[in-house]
Structures are given as C-alpha cells and as structure tokens.
Amino acid sequence: MSDPARLLRHQAYVDGRWIDADGGGTLEVTNPATGEVLATVPDMGASETRRAIAAAEAAMKPWAAKTAGERARILRRWFDLMMSEQDALGRLLTREQGKSLTEAKGEIAYAASFIEWFAEEGKRTYGEVIPSHDASKRLVTLRQPVGVVGAITPWNFPAAMITRKFGPALAAGCAVVLKPASQTPLSALALAVLAEEAGLPPGLFNVVTGSASAIGGELTSNETVRKISFTGSTEIGRLLMEQSSQTIKKMSLELGGNAPFLVFDDADVDAAVAGAVASKYRNAGQTCVCTNRFYVQAAVYDEFVAKLTQATEALKVGNGLDDGVQIGPLIDDKAVKKVEEHVADALAKGATLLTGGERHKLGRTFFQPTVLSGVTQDMQMCREETFGPVSGVVRFETEEDGVALANDTIFGLAGYFYARDLSRVWRVAEAMQTGMIGVNTGLISTEVAPFGGIKQSGLGREGSSHGIEDYLEIKYLCMGI
Ligand SMILES: O=CCCC(=O)O
C-alpha cells in the first residue's frame, strides 16, 4: 500500500505544477466529524484561474490531436491508480466530507467507473454520412471537442462529481479547469496526483481552489472557456447560466432535486421500506437524488410508517471512519440549521414526530435520523430539499392524487415509486415529471445510465453513452464533387 500522505496536497494544481495563491492566502479544510483541521489549500481568485484557462487551451491542442485510443490508455491508467488507492482515497474523502467509509470507498469506485467508461466511449464519437439532397454534393458530419471546460463541483460527492465531468471531457479531447467545493478540495487534489502519475499531460486537469465567486466569475466570463459543467444548487446554476450568457457557453447543469417517493397500495411494503432507507439516508440525506418527500397510499400508510420508523431507529450515527457507522455528520452548521427549520416548520403545521427530530448527542453537526408522519404539501420539507436525514411522510388516496403531489414542484431530477401492477407501473413512470425514476428500487446511480433532470433541475445528461455528447460539437461538411 502506498503512503497516504502522498495524496494529501496543500497546493493547487495548474499546468502540471503545484502552486500557491498569488497573494499567499489559504483556506482551512476541516473534518466535520471532529473539527480537526486536515489541511490548508490556496485561496485563489481570477488571476490564477485565467492562467489555468490559458494552460488548458494550450494543452488541449495536442491532446485533441491524439487518437481516442491513445487518450483511453492514459485514462485507463488513471482508473487503475484510483482503484488501487481506493482505501486511501476513501479515507481522505470520509475525513473531509463526513460520509461513512463504506460509502466513501463506494464513491471512489463510482468515480473511477466514469473514467473507465468514458475512456472507451471516446472511441465511439462517430460522425455521419448523410444521404445528399444534391447529386453533386456529399454531406458529412464530424464530432469535435467543444473546447476548454470550466467545471464546478459540490461537496457532497467530492470525487465522483469530478470524474463524471473529467471522464467525458478528456475522452472527447477537451481540457478542464476545475473549481472544487471549498469544503472538500482534498479529494480533487488527490485525483490530480493520480492523474499526473497516470501520465496525463500538464494543463489538461487544473484544480483551482479558493473563492467561488472570483473563480466562477472568471470561468463564466472568459471567452476561451466554451462550456460550463456544474453540479450544485438551482440557485447557483441560474447565476452561472446568467453569467455565461454573455459569451454563449454550452451548459451542463445538474441542479437541485426534491425527489418524491411514492408507495402504492399494491407495493411490496418491506421492499419499499428497504428502498426508502437506501434512497433517503445515503450520505446522511445529502444527495441530490435522495428522497425528499414520501407519499404513501392510505391502505399501506400505517404499515409503511411503522416499518420506516423502526428501520430509521436502527441506523448507526457516528464518525464515518468508525466501524458500522451508517450516518455521518452533516457538512456544516448551516446544513443542520436548515434541517432544524424544516422539522420545526412541519411540527408547527401539525406533523407528528415519530423518531429523532433533534441534533444528535454526539454534538457538532450530527443529526438524529428522523421520521415525521402527517406531513402535508404546504410544509417546507415538501417544497424544498431538506438535505438531511429526515423522512416526512404524506398520506394520499388515489393514484392520480399521488402523481399530482409528486409533480407539484419546480424540480424534476429523480423520483421513485413502488407498485406491482404492470399497467400502473407504466402509467406512473410516464406521468412523473423527473429525468430519472427508480421503479421498485431506491438506488439508480451508475456510470452506464443517463443522469440528469428536467424542469429547474438542470440541463444535459452525465454518464452513459449520452454523457460525452455535451463535450462535443457537430461540424457539418458540405462537399462539392
Ligand atoms: O448528488 C449528486 C449525485 C449523486 C449520484 O450520482 O448518485
């Protein structure tokens, strides 16, 4: 096993060099489970970002000129290194983010899977020969890399949200400037260490740490950047879209969700409870596809609520590095305050607390896994993402009512439902307004399927054979013969 210290970097990575901020400023990265300062990273801004963009532009030309197979071989080495360092990367991720080590190591495998998948997909970016409208002309399309990409990634998946963008971008022949979340830059820097060791040429993978507004402002206004790929809140996505409108950039936005989870009266309730726990409590409820609202049909409501409460009470809360822990701390105090606000709002409007409801006795940002029944659509927890370990359950009567409640939101990322009647399964799947649906399952994420939302949950798809499209432009050639 390698020395884990080699993966813990205190400098940003630009043009193949490890560098400090121009002004020497730094930001602390802390462990949310203990408060320990893990490292400091450079507090950079617009000028360092501009240099990273220039380096990316220069690096992209020879990279795009390579064959897809040549690019794939380097990406494959990066994948292999990530998998051989799965334990060290997972531990670092748990320490900066808080999720359990089992989930963190799972995230590393998930992150690596995007590199492996897109290394191969890069070989299949076919053009077309179009049957011509004119006997003296031949029509052909090429697919070419979009250009320099600005990527902005969140703290809840500090590794996988990076590779889900870098995998297709690099495979397509692009170069990327990344602004990782300030709470979790260490995984990003560790990935850069491994990319360098894999032989990725300098300038293709740049990590600029520091001020979100200054770095984001430069990425969105700089003409060299031809695409922004962002995962985070709808509010910030809107701002980035507005800022990018001046230079008309291509946008991939994976934004907020408010995922409904419906249980119909023909469902296998035990399976629904297992799916509910998997979907709701993943990463302590801090996942954009985590269930946010439960809707349960009247006939199975009491049984579902009782079993969900029992399963929730059995969850082990603690430091993600400790054995058997399933729920780690929330990312920061602001996150806990939002959860508290949603619980207080629900109770004030008539919901019933069945378990949890408060900060955990472990202190810091730990919160008790919570279940509330008698939740209604006007409560904050049905209107916006709670992003914490809180299950609010709403009762509904008819299938139409359930679907209408599920669709009553500006968001449309993921949705889930449990039902056994085949006609109902098709009706509900077609009627639900989300980009992804888990039917009789609470886990849907994989590199081989298209991930993304509709409505105000975003634009574009990541992962799958579609995920590389966003990093390619179609060029049409009309050839007179
Ligand atoms: O929270 C964002 C993404 C989570 C996932 O890919 O399942």
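Here the structure is a predicted model, which is why all the values come from computation and not from measurement.

Parameters at a glance
Residues numbered from 1 in each chain as written. Predicted model: local features only at pLDDT ≥ 70, side-chain atom pairs only at ≥ 80, totals over all residues. Heavy atoms only, no water. Helix = DSSP H or I, 4+ residues; strand = E, 2+ residues; numbered from the N terminus. Rg over C-alpha atoms; globule rule 2.2 N^0.38 Å. Buried < 20%, exposed > 50% of the residue type's maximum accessible area, 1.4 Å probe, protein only. Contact = heavy atoms within 4.5 Å. Areas by Shrake-Rupley, 256 points an atom, 1.4 Å probe, with all protein chains shown as cover. Lys, Arg positive; Asp, Glu negative; His and termini not counted. Charge placed at Lys NZ, Arg CZ, Asp CG, Glu CD. UniProt positions renumbered as here; feature names shortened; annotations may be inferred. Polar contact = N/O pair within 3.5 Å; in protein donor to acceptor, adjacent residues only side chain to side chain. Pairing = 2+ DSSP bridges. Domains from an automatic or database assignment. Buried area = accessible area lost by both parts, 1.4 Å probe. Nonpolar A, V, L, I, M, F, W, Y, C, P; charged D, E, K, R; others polar. Expected span 1.5 Å × (residues − 1). Bend = angle between axes of the 7 residues up to and from the residue. 1 Å grid on protein atoms, 1.4 Å probe; cavity = no way out; pocket = protein on both sides within 12 Å on 5 of 7 lines; lining within 4 Å. Points joined across faces, edges and corners; volume = space filled by probe spheres on them. Near = heavy atom within 4 Å. Phe/Tyr/Trp six-rings, centres within 6.5 Å; stacked < 30°, edge-to-face > 60°. Lys NZ or Arg CZ within 6 Å of the ring centre and 35° of its normal. Axes fitted to C-alpha atoms, helices over the stretch in contact; angles between N-to-C directions. Parallel < 35°, antiparallel > 145°, perpendicular 65-115°, else oblique.

## So, the overall build of the protein
At step 1: Scanning the protein from terminus to terminus reveals 14 helices and 22 strands.
At step 2: Taking 481 residues into account, the globule formula puts the C-alpha radius of gyration at 23 Å, and the protein, at 23 Å, falls close to it.
At step 3: By principal-axis analysis of the C-alpha atoms, the protein measures approximately 70 × 65 × 40 Å.
At step 4: Residue burial in the protein is summarised as follows: out of 481 residues, 57% are buried.
At step 5: Considering only residue pairs separated by 6 or more positions, the protein has 73% of its internal contacts joining residues 24 or more positions apart.
At step 6: When the accessible surface of the protein is split by element, carbon and sulfur atoms take 54% of a total near 18,400 Å².
At step 7: Separation between the mean location of the 48 positive side-chain charges and that of the 58 negative ones in the protein comes to 5 Å.

## Observations regarding the UniProt feature "active site" (unreviewed entry) in the protein
At step 1: Residues annotated in UniProt with the feature "active site" (unreviewed entry) correspond here to E254.
At step 2: For E254, the position within the fold is in strand β11 (residues 250–254).
At step 3: For E254, the residues in contact, after removing those within four places along its chain, are M161, R164, F230, T231, G232, C288, L413, F451, S457 and E462.
At step 4: Side chain to side chain, E254 and R164 meet in a polar contact 2.9 Å long.

## Thoughts on the pairing of strand β3 (residues 26–30)
At step 1: Note that β3 and strand β4 (residues 37–42) share five bridges and pair antiparallel. When the bridges of β4 are listed, E28 appears paired with T40.

## Examining the domain arrangement of the protein
At step 1: Per the domain assignment, the segments making up the protein are domain 1 (4–255 + 457–480) and domain 2 (259–439).
At step 2: A C-alpha centroid distance of 31 Å is found between domain 1 and domain 2.
At step 3: The contact between domain 1 and domain 2 buries some 2,000 Å² in all, and 56% of this surface belongs to carbon and sulfur atoms.
At step 4: When residues of the side of domain 1 that touches domain 2 are traced back to their parent elements, those giving at least two are α3 (86–97), α4 (101–121) and α8 (234–244).
At step 5: Its residues assigned to classes, the side of domain 1 that touches domain 2 shows seven nonpolar, 10 polar and eight charged.

## A look at helix α10 (residues 298–313)
Counting along an α-helix, one turn takes 3.6 residues, and residues three or four places apart therefore face a common direction.
At step 1: Across its 16 residues, α10 extends 23 Å between first and last C-alpha, which sits within 8% of the 22 Å expected from 1.5 Å per residue.
At step 2: The sharpest bend along α10 measures roughly 25° and falls at F304.
At step 3: Taken residue by residue, α10 has V300, Y301, F304, V305, L308, T309 and T312 as its buried positions.

## Looking at the layout of surface pockets
At step 1: By volume, the largest pocket is sized at about 1,300 Å³.
At step 2: Along the walls of the largest pocket sit 41 residues, with W155, G232, S233, I236 and K334 positioned nearest its centre.
At step 3: Those elements that place two or more of their residues in the lining of the largest pocket are α7 (212–221), β10 (225–231), α8 and α11 (333–348).
At step 4: In terms of residue count, α8 provides more of the lining of the largest pocket than any other element does, seven residues in total.
At step 5: Partitioned by chemical class, the residues of the lining of the largest pocket number 17 nonpolar, 15 polar and nine charged.
At step 6: Inspection of the lining of the largest pocket shows a minimum of three residues originating in each of domain 1 (4–255 + 457–480) and domain 2 (259–439).

## Side note on the UniProt feature "domain: Aldehyde dehydrogenase" (unreviewed entry) in the protein
At step 1: Under the local residue numbering, the UniProt record ascribes the feature "domain: Aldehyde dehydrogenase" (unreviewed entry) to residues 18–476.
At step 2: Structurally, residues 18–476 is divided into 41% helix and 21% strand, and its ends, taken at the C-alpha atoms, are 40 Å apart.

## Quick look at the site of the ligand
At step 1: If you check the shell around the ligand, you find Y110, N156, F157, M161, R164, E254, R282, T287, C288, V289, S445 and F451 and nothing else.
At step 2: Y110 has a polar side-chain atom sitting 2.7 Å from an oxygen atom of the ligand.
At step 3: Within the contact set of the ligand, an oxygen atom lies 2.4 Å away from a side-chain nitrogen or oxygen of S445.
At step 4: Here the shell around the ligand is built from residues that sort into six nonpolar, three polar and three charged.
At step 5: The two domains that each donate at least three residues to the shell around the ligand are domain 1 (4–255 + 457–480) and domain 2 (259–439).

## Some remarks on the packing of aromatic side chains
At step 1: Scanning all chains against the criterion turns up 11 aromatic pairs.
At step 2: With a centroid separation of 6.2 Å and 80° between ring planes, the pair formed by F264 and F417 is classed as edge-to-face. One end of the pair, F264, is in the loop between β12 (259–263) and α9 (269–281); the other, F417, is in strand β18 (residues 414–418), with 153 residues separating them in the sequence.
At step 3: On the basis of relative accessibility, which here comes to 0%, the residue F264 falls in the buried class.
At step 4: Here F417 falls in the buried class, since its relative accessible area comes to 0%.
At step 5: The structure contains a cluster of three or more aromatic residues connected by ring pairs, namely F261, F294, F304, Y416 and Y418.
At step 6: Residue placement shows R164 over the ring face of F451; its charged tip is 3.9 Å from the ring centre.

## Some points on the packing of α4 against helix α5 (residues 160–172)
At step 1: Put simply, α4 and α5 touch, their axes get as near as 8 Å, and they point 10° apart. Taken as axis vectors, α4 and α5 run roughly parallel relative to one another. Side by side, α4 and α5 meet where E107, Y110, A111, F114, I115, F118 and A119 of the first sit next to A160, M161, T163, R164, G167, P168 and A171 of the second.
At step 2: Residue composition of the contact of α4 with α5, grouped by class: 10 nonpolar, two polar and two charged.

## Regarding the sheet that holds strand β16 (residues 390–396)
Pairing between the strands of a sheet is mediated by backbone hydrogen bonds and can be parallel or antiparallel.
At step 1: The mixed open sheet is built from seven strands, whose spatial order is β14-β15-β16-β13-β12-β18-β19. Only two strands of the sheet have a single partner each, and these edge strands are β14 (352–355) and β19 (436–439). For this sheet, the mean angle separating the axes of adjacent strands, direction not counted, is 25°.
At step 2: Bridge count between strand β13 (residues 291–297) and β16: four bridges; the pairing is parallel. In the sheet register, Q297 faces β16, and the bridge partner there is F396.
At step 3: Packing of helix α14 (residues 422–431) onto the sheet brings it into contact with β13, β18 and β19, and relative to β18 it is tilted by some 165°.

## Examining the sheet that holds strand β22 (residues 472–480)
At step 1: Read from one edge to the other, the open sheet built from three strands follows the order β5-β6-β22, with strand pairing classed as antiparallel. A single partner strand is all that each edge strand has here, and the edge strands are β5 (128–130) and β22. On average, each strand axis in the sheet is inclined to that of its neighbour by 25°, with strand direction left out of account.
At step 2: Relative to strand β6 (residues 137–145), β5 runs antiparallel, the two being bridged by three bridges. If you follow I130 over to β6, its bridge partner there is L139.

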